[in-house]
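Chain by chain, the residues run as shown.
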Amino acid sequence: MRKPLVSTLAAALFGAAALTGIAAAPAAAADSGKAAPKAAPSFEGTVALSNCSGSVVKLKDSKPGDPALVLSNGHCLQEGMPGAGEVVVNKKTSRDFTLLNADGSDAGKVHSDKIAYATMTDTDISVYETTSTYREIKQKYGIDALKLDAKHPRQGRDITVVSGYWKETYRCAVDGFAHRLKEADWTWKDSIRYTMACQTKGGTSGSPVIDNATGKVIGVNNTHNEDGERCTLNNPCEVDKNGNVTVRHLNAYGQQTYLINPCFGRGNQLDLDARGCVLPEPKK
């Protein structure tokens, strides 16, 4: 995880463009990792943020006339990273996203004036409500939203991390799941561990993790152990059920997204009290 919106030595490394919003993405899509499967996920529906990646996502019960949602990381908020235990709900904001076509070219802009939900506790997600409906995006740009899988990801499945910021894809597989993933002050539950072919970098934060077989989003890319350090910023460590710590140098991780589905009801409105919703709630 590369902390956005700061000016530190770490930010001056290869991820600096992503952290400051400098236009450094190549004109054409580039691939990293394993060879593409026959029906590789495209860039359609992904977005570029000023400092991260993201995607327009449709939930299990979303309707064409509902306001479209954009999924990214909690640590990608313009306002700064939420602290441990902090949950942001229905907060006013103003943010534009560059929507991408299937070939990685820019289709246009979508706008949000509300952060529906964001946190870095138990998971690392942000969900923005846009001012456009799914139908309007389809009519204006010819682009469909990505579907969010309602089921837990499966180990061994081939996946693609699609970065709208860099216009790059990273292809690998689900290596397994970390009981707890700890990085600096934050701890995440049941994180997706990728096989080593996915060597993500600064700016890929918030990218959708897509199951190649179904084309559905199973996670959101969020961190990578860069230096082999133990549980420090940009160096997450795994903690098992017995408290044993494992450091996997250069391994990258994502956060599962099936948990989002039960927490949004009619009209794509957040309902943390809904049956089956286990996302963290704001402190009362």
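Everything below is about the structure printed above this text.
1. Points about the pattern of salt bridges
Here's step 1: Within this structure, the stated rule accounts for 9 salt bridges.
Here's step 2: Among the salt bridges present, the one from glutamate 168 reaches lysine 201, with a minimum N-O distance of 3.4 Å. Residue glutamate 168 is located in strand E10 (residues 168–183), and its partner lysine 201 is located in the loop between strand E11 (186–194) and strand E12 (208–211); the two are separated by 33 residues in the primary sequence.
Here's step 3: Judged by its relative accessible area of 10%, glutamate 168 is buried.
Here's step 4: For lysine 201, a relative accessible area of 26% gives the class partly exposed.
Here's step 5: In this structure, the salt-bridge partner of glutamate 238 is arginine 248, at a minimum N-O distance of 2.9 Å. Of this pair, glutamate 238 sits in strand E14 (residues 237–239) while arginine 248 is found in the loop between strand E15 (245–246) and strand E16 (252–256), placing the two residues 10 residues apart along the sequence.

2. Things to note about the state of the cysteines
Here's step 1: Tallying each qualifying case throughout the model produces 4 disulfides.
Here's step 2: Each sulfur in the disulfide pair cysteine 52 and cysteine 76 lies 2.1 Å from the other. Torsion about the S-S bond of the cysteine 52 and cysteine 76 cystine: about -85 degrees, corresponding to left-handed handedness. Here cysteine 76 lies in the loop between strand E4 (67–72) and strand E5 (87–100) and cysteine 52 lies in the loop between strand E2 (46–48) and strand E3 (53–58), a separation of 24 residues in the sequence.
Here's step 3: Taking relative accessible area as the criterion, cysteine 52 reaches 2% and is therefore assigned buried.
Here's step 4: Note on cysteine connectivity: cysteine 263 is disulfide-linked to cysteine 277, with sulfurs 2.0 Å apart. In this structure, the disulfide formed by cysteine 263 and cysteine 277 twists by about 100 degrees around the S-S bond and is classed as right-handed. Of this pair, cysteine 263 sits in the segment after E16 while cysteine 277 is found in the segment after E16, placing the two residues 14 residues apart along the sequence.

Scoring rules and cut-offs
- All residue numbers refer to positions counted from 1 along the written sequence of the respective chain.
- Only residues with pLDDT of at least 70 are given local features in this predicted model, and only at 80 or more are side-chain atom pairs given and counted; all residues enter the totals for whole chains, interfaces and linings.
- Each side-chain value is derived from all of the structure's non-hydrogen atoms; neither hydrogens nor water enter the calculation.
- Salt bridges are defined by distance alone: a side-chain nitrogen of Lys or Arg within 4 Å of a carboxyl oxygen of Asp or Glu.
- In DSSP terms, a helix is any run of H or I states spanning at least four residues, a strand is any run of E spanning at least two, and both are numbered starting from the N terminus.
- Relative accessibility under 20% of the residue-type maximum defines a buried residue, over 50% an exposed one, and the middle range a partly exposed one, all with a 1.4 Å probe and only protein chains included.
- When two cysteine sulfur atoms are found within 2.5 Å, that pair is recorded as a disulfide.

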